[in-house]
Amino acid sequence: MRRLSATYLPVLIARVGSGASAAVTSFLFPHQELAVGAILAVYPLLEALGSFVAGRYADRFGRRPAMVLGYLARLAAMALMYLALAWGWGPLAVGAANAAAGFFTAFILVSSLAMVTDLTEVRNRGLGMGAFELTNLGGYAVGYIVGAGLFQALGGPGSFAALVVFTAVLTPLVFVMAETAPLKGVEIPLNPFKGLPPATWPAIPLWFALTTFIGMGIYSGRVIADVLSTSSKLAHLQSGALLAGALIVIGLGAVLFGRLSDRWGRERTLNLGIAGVMSALIVLAGLLALNVPPIEAVALASPLVFLASAIAPSVLAIVGDRALLTMRGTAMGLYSVVLGVGMAVGAIVGSLAAVGGGLLGIVEAALAVFSLATALYVILKAITARFSRRYNGDRQ
């Protein structure tokens, strides 16, 4: 259990930094909306690209080397972001450094997910994945509010200087990690789907939609702060606290629903999450259309947001249960690809929706995305059902 708990620490450190960096970035460069959306988008997009490399690296050379490489390279990229802001290099340079940080963060996430898969079994993997999701989202939540507070107090360059120091001080925790890979040095196929059965594919659109919401939510902090600034001098901090609270609710729910998926079943828990997301978005859109303030609207919808947290641990446990032993890192890399691309798309869609319809426009765009994802889930589930028995027969 101690080894399992230790695998979450680098993820927590990285996600606190990621959340804080995203918060600070969302407040940079006034009146350059699309430039900020692009800077926010390149981080998860390069995280997705890095996930392919990270998964294969973790399978071939081990989880620990992938973790150490990702952590140190990410620290260097964050230092470059500070320099880019301090020396006034502009959005392009900040975006390039943010892209590098995203690429190497993938090594931390993928290796940690592979470690969790290595150290758990079917009977407790849902709980293990739920704890990962709590660490992932909880770290983002804490980081986001920390970043908002840093920006309020120190501005852009000062905030990144503080984040670099925070990450550097905690570096020794990464070097004490133990290796968990059951096999190393095995040749890994280029196609990541070879490690996953068809039964796992239908959940990918749902996970993609959910990750777009994270990107939209990060961008919406800028919009919410603008709304609150008319009546508050702490608008950036309040905006960060609101989004942080939503992420913590979802993260805590992931632990509960991860355990539920161990006992009640992955598919049933996943379906519960689908109903929760759809209901939460409909309620939020209705409340915002009635001009309910953002903080009150999120508070009223929070029980449904809590149900939405059933999706992530269910999907992760399904992948962990069914991935080939020699391709666990690659399979979890595929998960991170979806996470990264979804967040990138969410940042872009969020910025475009905000220009056209403000905060309500962002929620309506999220509802459209998830409706499409649910339809694809149903279609793919029907198509892949007939392949699952054949795949399982081939593995035996």
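Report follows, based on the coordinates. (Residues numbered from 1 in each chain as written. Predicted model: local features only at pLDDT ≥ 70, side-chain atom pairs only at ≥ 80, totals over all residues. Heavy atoms only, no water.)

**Observations regarding the packing of aromatic side chains**
- For the coordinates displayed, the defined rule picks out 9 aromatic pairs.
- Arranged with centres 5.3 Å apart and planes meeting at 65°, the rings of tryptophan 87 and tryptophan 89 form a pair that is edge-to-face.
- Relative accessible area serves as the criterion here: at 56%, tryptophan 87 is assigned to the exposed category.
- By relative accessible area, tryptophan 89 is classed as partly exposed at 46%.
- Put simply, the rings of Tyr57, Phe61, Phe103, Phe104 and Phe107 pair up and form one aromatic cluster. (Phe/Tyr/Trp six-rings, centres within 6.5 Å; stacked < 30°, edge-to-face > 60°. Buried < 20%, exposed > 50% of the residue type's maximum accessible area, 1.4 Å probe, protein only.)

**A closer look at helix α10 (residues 294–308)**
- Where α10 bends most, the angle comes to about 60°, and this point is serine 302, followed within four residues by the proline proline 303.
- Of the positions making up α10, those classed as buried are Pro294, Ala297, Ala301, Val305 and Ala308. (Bend = angle between axes of the 7 residues up to and from the residue. Helix = DSSP H or I, 4+ residues; strand = E, 2+ residues; numbered from the N terminus.)

**Details of a nonpolar patch on the surface**
- Nonpolar side chains collect at one region of the surface, where Val142, Ile145, Val146, Leu234 and Leu237 lie side by side and expose about 340 Å² of accessible area between them.
- Residue contributions to the nonpolar patch peak at 3 residues, all from helix α5 (residues 125–169).
- Counting through the fold element by element, isoleucine 145 comes out in helix α5.
- Looking at isoleucine 145, the relative accessible area reads 30%, which means it is partly exposed. (Patch = residues over 30% accessible without salt bridge, like charges linked within 9 Å, V, L, I, M, F, W, Y side chains within 5 Å. Areas by Shrake-Rupley, 256 points an atom, 1.4 Å probe, with all protein chains shown as cover. Salt bridge = Lys/Arg side-chain N within 4 Å of Asp/Glu carboxyl O.)

Interpretation note: all reported values are geometric properties and have no functional meaning in isolation.
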